[in-house]
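# Inside the fold
Here is how the chains run, residue by residue.
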Amino acid sequence: MVEDFRALRSTVEQMGLLKPNKLFFVGVLLHILLLDALAWLNLYFLGSSLIPFLITALLLGTVQAQAGWLQHDFGHLSVFSKSKWNHLVHKFVIGQLKGAPASWWNHLHFQHHAKPNCFRKDPDINMHPLFFALGKKLSVEDLAWMITFYVRFFMTYIPLIGVSGTISLFMLVRFLESNWFVWVTQMNHIPMHIDYDDNKEWLSGQLQATCNVDQSFFNDWFSGHLNFQIEHHLFPTMPRHNYSKVAPLVRSLCKKYGVEYQSKPLYTAFADIVHSLKESGELWLDAYLHK
């Protein structure tokens, strides 16, 4: 299995599937900036009544979600051939467009990919009361990038809807974004096997903790192509527009060795999150009540 996966990796490189189409990522960035501009124009021309306010919140929530998928691309060094350019643009996207620290993401996300769903090794399954308790102290550079987001956001919307309106808009946008983010990121992992690290080799280790959501234009856009979570975990630096091309090869390799390759509809993936949390809640309740 290990030898065959290494051969697949070589095939992937020979097919050029690790080389990005930069126009794709330019398009992703431009559509984010366009939605951001439309959100402001909507309030500017239609006023601050409830419907325009909600439409702007929805547009900005979409901006935040899509910027989240884009920062993920740069964070995985899958856009530029040089790491320093990926890191530079990553700081811009996650810092200026989202108001979050790049260092926090970098210090944690690689652990998730190395040992997905492994207790005490994957930070994504650990629960902490404070956001910044998760990572190391923020660097001054990260803090500067974050400040530019908040300055831009409040200077843009306070003239249109005032301080209280801008704060309400910001909170609503964060609410929409966080729900979008959590449902997408957890649909691939929470319903899967979670346990201590049993030191499986790469292919079966990633597949037991990861599943896919069926491909469609909407699913690809909605999840930033993270509906191809299996392929992303097997080839973390692969540009996302190539996941669908390598998927048949991955399926074939899994079939050869009897490794389960799960792909499900979007609604089923969401429902499985609820079912998994319900099962965990019932177990914790039994433990708490000493049944």
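Residues numbered from 1 in each chain as written. Predicted model: local features only at pLDDT ≥ 70, side-chain atom pairs only at ≥ 80, totals over all residues. Heavy atoms only, no water.

As annotated in an unreviewed UniProt entry, the chain carries the name Fatty acid desaturase domain-containing protein and is attributed to Eleutherodactylus coqui.

### Structural notes on the nonpolar core
Counting 25 residues, the largest nonpolar core has Ile32, Leu60, Leu70, Val93, Phe153, Tyr157 and Leu169 as its most contacted members. Listing elements by their share of this core, those giving two or more residues are helix 2 (22–46), helix 3 (50–75), helix 4 (83–97) and helix 6 (140–186). For this core, the element with the highest residue contribution is helix 3, accounting for eight residues. Not counting the four nearest positions on each side in its chain, Phe153 is found in contact with Leu60, Thr166, Leu169 and Phe170. (Core = buried A, V, L, I, M, F, W, Y, C linked by side-chain atoms within 4.5 Å. Buried < 20%, exposed > 50% of the residue type's maximum accessible area, 1.4 Å probe, protein only. Helix = DSSP H or I, 4+ residues; strand = E, 2+ residues; numbered from the N terminus. Contact = heavy atoms within 4.5 Å.)

### Considerations on the UniProt feature "domain: Fatty acid desaturase" (unreviewed entry) in the chain
UniProt's feature table lists "domain: Fatty acid desaturase" (unreviewed entry) at residues 52–129 and 143–263, given in the numbering used throughout. Along residues 143–263 one finds 64% helix and 2% strand; the C-alpha atoms at either end are 39 Å apart. (UniProt positions renumbered as here; feature names shortened; annotations may be inferred.)

### Some details on the environment of Thr185
Here Thr185 is to be found in helix 6. Under the relative-accessibility criterion, Thr185 is labelled buried at 15%. Between the alpha carbons of Thr185 and Leu226 there is a distance of 7.7 Å; along the sequence they are 41 residues apart. Of the polar contacts made by the side chain of Thr185, one reaches the side chain of Gln186; its length is 3.3 Å. (Polar contact = N/O pair within 3.5 Å; in protein donor to acceptor, adjacent residues only side chain to side chain.)

### Quick word on a nonpolar patch on the surface
On the surface, Leu34, Leu38, Leu41, Tyr44, Phe45 and Leu46 cluster together into a nonpolar patch covering about 630 Å² of accessible area. Its location among the elements puts Leu41 in helix 2. Given a relative accessible area of 34%, Leu41 falls into the partly exposed group. (Patch = residues over 30% accessible without salt bridge, like charges linked within 9 Å, V, L, I, M, F, W, Y side chains within 5 Å. Areas by Shrake-Rupley, 256 points an atom, 1.4 Å probe, with all protein chains shown as cover. Salt bridge = Lys/Arg side-chain N within 4 Å of Asp/Glu carboxyl O.)

### Observations regarding the pattern of salt bridges
On inspection of all chains with the given rule, the structure shows eight salt bridges. Asp4 is paired through a salt bridge with Lys256; the nearest N and O atoms lie 2.6 Å apart. Residue Asp4 is located in helix 1 (residues 2–14), and its partner Lys256 is located in helix 10 (residues 243–257); the two are separated by 252 residues in the primary sequence. Judged by relative accessible area, Asp4 falls into the partly exposed class, the value being 25%. Owing to a relative accessible area of 56%, Lys256 belongs among the exposed residues under this scheme. A salt bridge links Arg240 to Asp73; the shortest N-O distance between them is 2.8 Å. With a gap of 167 residues between them, Arg240 in the loop between helix 9 (229–234) and helix 10 and Asp73 in helix 3 connect regions that are remote in the sequence.

### A few points about the UniProt feature "transmembrane region" (unreviewed entry) in the chain
The positions UniProt marks with the feature "transmembrane region" (unreviewed entry) are residues 23–43, 50–70 and 149–173. Secondary structure within residues 23–43 divides into 100% helix and 0% strand; the distance between the first and last C-alpha atoms comes to 31 Å. Across residues 50–70, the secondary structure splits into 100% helix and 0% strand, with the terminal C-alpha atoms separated by 30 Å.

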